[in-house]
Structure formats: structure tokens, C-alpha cells
Amino acid sequence: MDTVFTLQDLRDWNRPGTSLAVLGHPIKHSLSPAMHNAALAEMARADSRFSDWRYHRFDIPPDDLPAALELLHRKKFLGVNLTVPHKILAFDLVAEVDPAARPIGAINTLHWTPAGWRGHNTDGYGLATAIRETLARELAGAPVILLGAGGAARGAAVECLQRRCASLWIANRTRANLDALLAALRPLAGAGTIPLHGFNPATPPDGIPAAALVINATSAGLRDSDPAPLDLARLACRPAGVFDMIYNPPQTRLLAQAAALGLPAANGLAMLVHQGVRALEIWTGKPPPVEPMRRAAGQM
């Protein structure tokens, strides 16, 4: 399903059945429609209730997000996914936010209720599940090196702390952004219960524990010209693995270096799949089939 809909299409929307959507700007590149529609087709084989469920994509500029969310609710779309740049913008536009998403300050999944949208964030679940699946590692009890201090990094950091990582080391080149993130995370770290540190990726400190898990939550790697967000060879201790949230291109400069050093490494495709799995479970109330979603994402 390659159609990209607009706000005007939404105003005129009168399609029968249960509608789901992803909003972004741009959105044409999104793999979500292929993944979700593949899972829904599989679910419909076992349960006819899902035979008229369809997932669509909408290109919605940021200024149009409030109007789009109001229309989607009025048209009774059952669920909505949000991608860049809407995850933070939507946080204050919904009727209710799931308690687990509140510390993140961003939502990526909306569920229709009569009173309005209920916002969730499934990115953290997707991250933890993907790391378990691709690297055979758990966030719980692991020392973590997190690269970045933006919205994606904040979501990853909250997930690491909520799952009780052993320690969290956050690398970011802009000190003001790093300090702001550290200040926001300290209450979750439990007043020193989980050691929380920040550093400049150009000069990694010697105190980082051995066998740390490196997670890239920056956009460095989306373009071939991007430098790696961290020189892995500069770490005093050998990491246990490297996970890059970027999935396109499938091998970033960071992942190429990890491979050259013989480190276990994975890109973000599995994270994309599993955050989608969790969103579909919220909407349907059933565990969706993972393999059709994985195959659909891998074929795009």
C-alpha cells in the first residue's frame, strides 16, 4: 500500500472498517503500513473481526498535527502511530498519557477512547526486545553507553533506568543538552542507586565498566558522510555489543567499526518491528504475529 494521504484526505475520510494510521513529515519512507497490514492479514485468517482492519500513512506537517488528531478521533480511527516530528508535539495534545510514557515526554502510539486519545510510547519496549533478540543481551544489570541526548536518547535512557541497568554513561558533544538530559534522568536513577554519568564522545573516560552495551540514539549514520558518533577503539574496555537504532542504511559507520573490531552488533530494524508489535497489541488486545511484520519490514 503505497498511498500517502494528506489532511484534506482525512477531512473527506469515509472508508468503512477499522482504520489505523501513522503520521509523520515526511512519511513516504515508513515501513509501518507494510508491517501492520501484513500482521492484520495474518490475524484475519484466524479471526474474521480483523478482516476489515487497514493501516494507512498520512503526511502531516507539524502545524497541522492538532487538527489531524482531532479529525482522526472524530473519524474514529482506532489507533495512530507517530513518527518524526510528532512524538514530542503530541504529548500535550492527548487526553491521557500512559504512566510509563510520562518520564519520556514523548509518545508514539495513540489509542482511541471516548474521552480522547490515550498516549503510549512503545519505543523502549522495541529497544529492549530488539537487543535481547539480536545481541542476546538484557538491559537489566548491564552497564550501558548511550550516544545522544535528544528525544530518542531520552526514551532509551528511561527504558534503561526503568529496567535497572547497572550504570548509564551518556555521550553527547553539546554539553548543555547533555546536562539537561542528566538532570531530567536523576530522579529515575534513584539518587545514585544507578550510577549516571555524562561525557564527550571525543574523550571517553577510563571509568566506563567492561562489557558495556553501546546504544546509538543519534542520527549520525543516516548519511554516508556522517562520522561515527563514537570511536569504539577509544573506549578503555571492550564493549559487549553495539546496537544502532538506525536501520537505513543497514550498516552505519559505527556498525562497520564494530564489525571490524569483532564486536556483536545490530541495526535498528528489529526495534522498528517490535515497537510496532507492541502498538498493534495495544490496539487489538491480542499478541500479533511477529514473523509477518519482520518479513514485510525486511522486504522494503
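Treat the numbers as computed from the prediction; the structure is a model and nothing was measured.

Before going further, it helps to spend a moment on the overall build of the protein. The secondary structure content of the protein amounts to 10 helices and 13 strands. Buried residues in the protein amount to 51% of all 300 residues. Pairs at least 24 residues apart make up 71% of the contacts formed inside the protein by residues separated by at least 6 positions. Accessible surface, the protein: about 13200 Å² in total, of which carbon and sulfur atoms supply 52%. Here the protein holds 29 positive side-chain charges and 25 negative ones, and the gap between their average locations is 3 Å.

Further remarks concern the UniProt feature "active site" (unreviewed entry) in the protein. In the numbering adopted here, UniProt assigns the feature "active site" (unreviewed entry) to Lys-87. Along the chain, Lys-87 turns up in helix H4 (residues 86–89). Apart from residues lying up to four places away in sequence, Lys-87 is in contact with Leu-82, Ala-106, Ile-107, Asn-108 and Asp-123.

All right, on to the sheet that holds strand S11 (residues 213–216) then. The parallel open sheet is built from six strands, whose spatial order is S10-S9-S8-S11-S12-S13. Since the sheet does not close on itself, it has two edges, and those belong to strand S10 (196–199) and strand S13 (265–266), each with one partner. Two elements, strand S9 (residues 167–171) and S10, share four bridges in a ladder whose sense is parallel. Looking at the pairing, Leu-168 lines up with Leu-196 of S10. Sitting on the sheet, helix H6 (residues 151–162) is in contact with strand S8 (143–147), S9 and S11, with an inclination near 170 degrees to S8. Strands in contact with helix H7 (residues 175–189) are S9 and S10; relative to S10, the strand with the most contacts, it is inclined by about 175 degrees.

With that settled, the discussion passes to the packing of helix H2 (residues 32–46) against helix H9 (residues 269–284). Axis separation between H2 and H9 bottoms out at 10 Å; the angle between their running directions is 50 degrees. Relative to H9, the element H2 lies oblique. In the crossing of H2 with H9, the sense of the turn from one axis to the other is right-handed. Judged by residue contacts, Met-35, His-36, Ala-39, Leu-40 and Met-43 of H2 engage Leu-272, Val-273, Gly-276, Leu-280, Trp-283 and Thr-284 from H9. Residues of the contact of H2 with H9, tallied by class, amount to eight nonpolar, three polar and no charged.

A separate point is the sheet that holds strand S4 (residues 79–82). Read across the open sheet, the seven strands follow the order S1-S3-S2-S4-S6-S7-S5; overall the sheet is mixed. The open sheet has two edge strands with one neighbour each: strand S1 (4–5) and strand S5 (96–97). Sheet topology note: the S1/strand S3 (residues 53–59) ladder contains two bridges and is parallel. When the sheet's bridge partners are listed, Val-4 is paired in S3 with Arg-57. Strands strand S2 (18–24), S4, strand S6 (109–113) and strand S7 (116–120) of the sheet are contacted by helix H3 (residues 65–74), whose axis makes an angle of about 110 degrees with S7. Its contacts with the sheet place H9 against S2, S3, S4, S6 and S7, and it is angled at close to 5 degrees to S6.

Attention shifts here to the packing of aromatic side chains. Per the counting criterion, the structure on display carries seven aromatic pairs. Ring centres of Trp-13 and Phe-58 lie 5.5 Å apart, and the angle between their planes is 50 degrees; this geometry places the pair in the tilted category. Placement of the pair is Trp-13 in the loop between helix H1 (7–11) and S2 and Phe-58 in strand S3, with a sequence separation of 45 residues. The class for Phe-58 is buried, based on a relative accessible area of 0%. With a centroid separation of 5.0 Å and an interplanar angle of 70 degrees, the aromatic rings of Phe-50 and Trp-53 are classed as edge-to-face. Of the two residues examined, Phe-50 and Trp-53, each falls in the buried class. Members of the aromatic cluster, each reached through a chain of ring pairs, are Phe-5, Trp-13, Phe-58 and Phe-77.

To continue, consider the pairing of S3. Taken residue by residue, a regular strand's side chains alternate between the two faces of the sheet. Burial analysis of S3 places five of its seven residues in the buried class, the great majority of the element. Bridge count for S2 against S3 is seven bridges, and the pairing is parallel. Across the sheet, the residue bridging to Leu-23 is Phe-58, located in S3. Crossover S2 to S3 through H2 is right-handed.

Calculation criteria
Residues numbered from 1 in each chain as written. Predicted model: local features only at pLDDT ≥ 70, side-chain atom pairs only at ≥ 80, totals over all residues. Heavy atoms only, no water. Helix = DSSP H or I, 4+ residues; strand = E, 2+ residues; numbered from the N terminus. Buried < 20%, exposed > 50% of the residue type's maximum accessible area, 1.4 Å probe, protein only. Contact = heavy atoms within 4.5 Å. Areas by Shrake-Rupley, 256 points an atom, 1.4 Å probe, with all protein chains shown as cover. Lys, Arg positive; Asp, Glu negative; His and termini not counted. Charge placed at Lys NZ, Arg CZ, Asp CG, Glu CD. UniProt positions renumbered as here; feature names shortened; annotations may be inferred. Pairing = 2+ DSSP bridges. Axes fitted to C-alpha atoms, helices over the stretch in contact; angles between N-to-C directions. Parallel < 35°, antiparallel > 145°, perpendicular 65-115°, else oblique. Left-handed = near helix turned anticlockwise from the far one by under 90°. Nonpolar A, V, L, I, M, F, W, Y, C, P; charged D, E, K, R; others polar. Phe/Tyr/Trp six-rings, centres within 6.5 Å; stacked < 30°, edge-to-face > 60°. Right-handed = clockwise from strand over helix to strand, strands pointing away.

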